[in-house]
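In case you want the letters, here they are:
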Amino acid sequence: MLTDRLSSLDVSFLCLERSEAPMHIGAVAVFTSASRTDPEALTQVIAERARRIRRLRQVVRPTWLPPGGAAWVEDPGFDPAWHVRHRRLPAPGTRDDLAAEVAGLMSTPLDRSRPLWEVHLLTGLVDGSFALLLKLHHALADGLRALQIGASLVDGPGEACAYTEDAPADPGAFLARGAGEVLAWSRQLLDPRAVTDMPRLVNDTVPRLAGHTYAAATSVLQVALAPAPGSPVNGQLGRARQFAVATVDLDDVRRVRKEHGGMVHDVLLATVAGALRRWLLEHWPDTDGPDLRVMVPVSRRRRGDGGGNRLAWYVVDLPVGEPDPVVRLHRVRAAMERSKAAGPAAGPGVIALLADRLPPVVHRVATPWAGRLAPRLCNMMVTSVPIPNVPFRLGDAELRELFPVPPLAPGQRIGFGISTYRGVAHFGINADHATVPDLPLLAKSIPVALAELLG
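Rules behind the numbers
- Residues numbered from 1 in each chain as written.
- Predicted model: local features only at pLDDT ≥ 70, side-chain atom pairs only at ≥ 80, totals over all residues.
- Heavy atoms only, no water.
- Buried < 20%, exposed > 50% of the residue type's maximum accessible area, 1.4 Å probe, protein only.
- Helix = DSSP H or I, 4+ residues; strand = E, 2+ residues; numbered from the N terminus.
- Pairing = 2+ DSSP bridges.
- Arc of directions from axis to C-beta.
- Contact = heavy atoms within 4.5 Å.
- Phe/Tyr/Trp six-rings, centres within 6.5 Å; stacked < 30°, edge-to-face > 60°.
- Lys NZ or Arg CZ within 6 Å of the ring centre and 35° of its normal.
- Axes fitted to C-alpha atoms, helices over the stretch in contact; angles between N-to-C directions.
- Parallel < 35°, antiparallel > 145°, perpendicular 65-115°, else oblique.
- Salt bridge = Lys/Arg side-chain N within 4 Å of Asp/Glu carboxyl O.
- Left-handed = near helix turned anticlockwise from the far one by under 90°.
- Nonpolar A, V, L, I, M, F, W, Y, C, P; charged D, E, K, R; others polar.

(A) Main features of the pairing of strand β10 (residues 380-386). Judged by how many residues are buried, β10 sits mostly within the fold: 5 of 7 residues are covered. Pairing geometry for β10 and strand β13 (residues 414-421), over 6 bridges, is parallel. Bridging across to β13, S384 finds its partner in I418.

Listed below in structure tokens is the structure:
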């Protein structure tokens, strides 16, 4: 098997990308330091560590087997210094200045002729801290893999990065290995035992495949017949972005969970619902009605899995039309329980599993058009990545905050990313610059929404 070949799901992220909807993910890590920051020394350290991570040295190149596919190959001109850059924030270096700089950097698509990542060291914050913006194409990593790569660039405990081993630099090696696969398949087909085993294989496999196909087709039909409701958070995207952050105390989140049951993630989703309700009513008073359908990515990654994406999706309705915060929480909890009981292979979330099973050539043709249907699937995405509760450092500076930056699919004007680290839940909100008014108000509504649940 070609370990460096992109999966069908990875190829779909490349095909889904448009100039106004770049498919990269990001994270803003804020470090506090007791001494003066040396930007040149930090960028050299990060660049040297990036050089040791195999996937960060590789570029995407098309393959002829399978048709429409792609593979990761070594970039002969790889220069980590091109990917690791320093920017000093304009004075006075407030959090709003940091958010504006992140928005500008996340607005620009990655250069596909180079390895699909960037790291930006952002200094000049008024309190003496500095930030790292890690920017990775979604075809390269999902949220958990991005966390692992980020941990390999800083100092801290954790699992060693899976990309440090050497990979074949000659693209011809991939063709040779592909030919070996074809030969192995041919030998299996010519094996006399395959003839005697065929009835058993058919009896075992066909009903299972038929069941999966029927479930998937039913779920896709449900999406077509019951699309996500129309909402101001959906519509044409521009190329510019805006970014805002918020934090809440995890002890308060756990206090709500203890009082009302469910999971911490249920409380965080209900907090997002409450914040969205306040923001929508402020700008669109007549929208106090339908729920918002959100997609919640769920990792299928297991220990030892390689790079790329291992994702499934849950689809949950956020009751933004419900005025009672406790009722909102109970409705979110019930919706999550139904999604978990059905599993990721039921409902609109099955599309992620289907995407991973379709041949790459189908994605090359169909995915750019299918991306236009993203607002029918869901109104927005809410991602969540728990960070290990251990100290991470870069030199003498300590990681204090980490805000995810989710991508925006075509037609989806807002996306939420949530990370939990050392007793704090960090919210990163990515939004279209031209069509989303007053994003700071939405960010400020997050702790207010949690306070409503506490009250």
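Here the narrative resumes.
(B) Representation of helix α5 (residues 143-153) within the structure. Listed as buried for α5 are R145, A146, Q148, I149, S152 and L153. For α5, the angular spread of the buried residues around the axis is 160°, confining them to a single face. Turning to α5, the residues buried within the fold contact β1 (24-32), α2 (39-51), β5 (117-123), β6 (130-137) and β11 (393-394).

(C) Quick peek at the packing of aromatic side chains. Scanning the entire structure with this criterion turns up 3 aromatic pairs. The ring of W82 has R85 lying over it, and the distance from NZ or CZ to the ring centre is 4.3 Å. The ring of W82 is capped by R114, whose NZ or CZ atom sits 3.9 Å from the centre of that ring.

(D) Region of the structure containing the packing of helix α8 (residues 250-260) against helix α9 (residues 264-283). Viewed as axis vectors pointing N to C, α8 and α9 meet at an angle of 105°, and their least axial separation amounts to 9 Å. It follows from the interaxial angle that α8 and α9 lie roughly perpendicular. Counting all contacts with α8, which are made through L250, V253, R254, V256 and R257, the residues of α9 involved are V264, V267 and L268.

(E) Fine view of the sheet that holds strand β12 (residues 397-405). Ordered in space as β4-β5-β6-β1-β12-β11, the 6 strands form an open sheet in which the pairing is mixed. Each edge of the open sheet carries a strand with a single partner, namely β4 (84-88) and β11. Note: β11 against β12, 2 bridges, orientation antiparallel. Paired with L394 across the strands is A397, a residue of β12. Packed onto the sheet, α5 meets β1, β5, β6 and β11 and runs at close to 135° relative to β6.

(F) View of the pattern of salt bridges. This model, assessed by the stated rule, comprises 23 salt bridges. A salt bridge links E17 to R112; its shortest N-O distance comes to 2.8 Å. Of this pair, E17 sits in the loop between α1 (8-16) and β1 while R112 sits in the loop between α4 (95-106) and β5; the two residues are 95 residues apart in sequence, bridging distant segments of the chain. Its relative accessible area of 14% is what places E17 among the buried residues. A residue is classified by how much of its surface remains accessible, and R112, at 36% relative accessible area, is partly exposed. Connected through shared salt-bridge partners, R393, E398, R400 and R422 make up one network.

(G) Representation of the packing of α9 against helix α14 (residues 439-454) in the model. Packing of α9 against α14 leaves a shortest axis separation of 7 Å and a crossing angle of 125°. Put simply, α9 runs oblique to α14. Crossing hand, α9 versus α14: right-handed. Two secondary-structure elements touch here, α9 through V267, A270, T271, G274, A275, L276, R278, W279, E282 and H283 and α14 through L441, L442, S445, I446, V448, A449, L450, E452 and L453. In terms of residue class, the contact of α9 with α14 is made up of 12 nonpolar, 4 polar and 3 charged.

(H) Geometry of the pairing of β1. The element β1 is extensively covered by neighbouring structure, given that 8 of its 9 residues are classed as buried. In this structure, β1 lies alongside β6, joined through 8 bridges in antiparallel fashion. Of the residues in β6, the one forming a bridge with A27 is L134. Pairing geometry for β1 and β12, over 7 bridges, is antiparallel. Among the inter-strand pairings, G26 is bridged to a residue of β12, identified as V405.

(I) Spatial organisation of unusual backbone geometry. Each neighbour pair has its own omega, and for A91 with P92 the value is 10°, a cis peptide bond. Phi at R422 is positive, roughly 50°, even though this residue is not glycine. Structurally, R422 can be placed in the loop between β13 and β14 (424-432).

(J) Focus on the environment of A275. Along the chain, the position of A275 falls in helix α9. Taking the relative accessible area as the measure of exposure, A275 reaches 0% and is therefore buried. Separated by 173 residues in the primary sequence, A275 and V448 place their C-alpha atoms 7.4 Å from one another. The contacts of A275, once residues within four sequence positions are left out, are L442, S445, I446 and A449.

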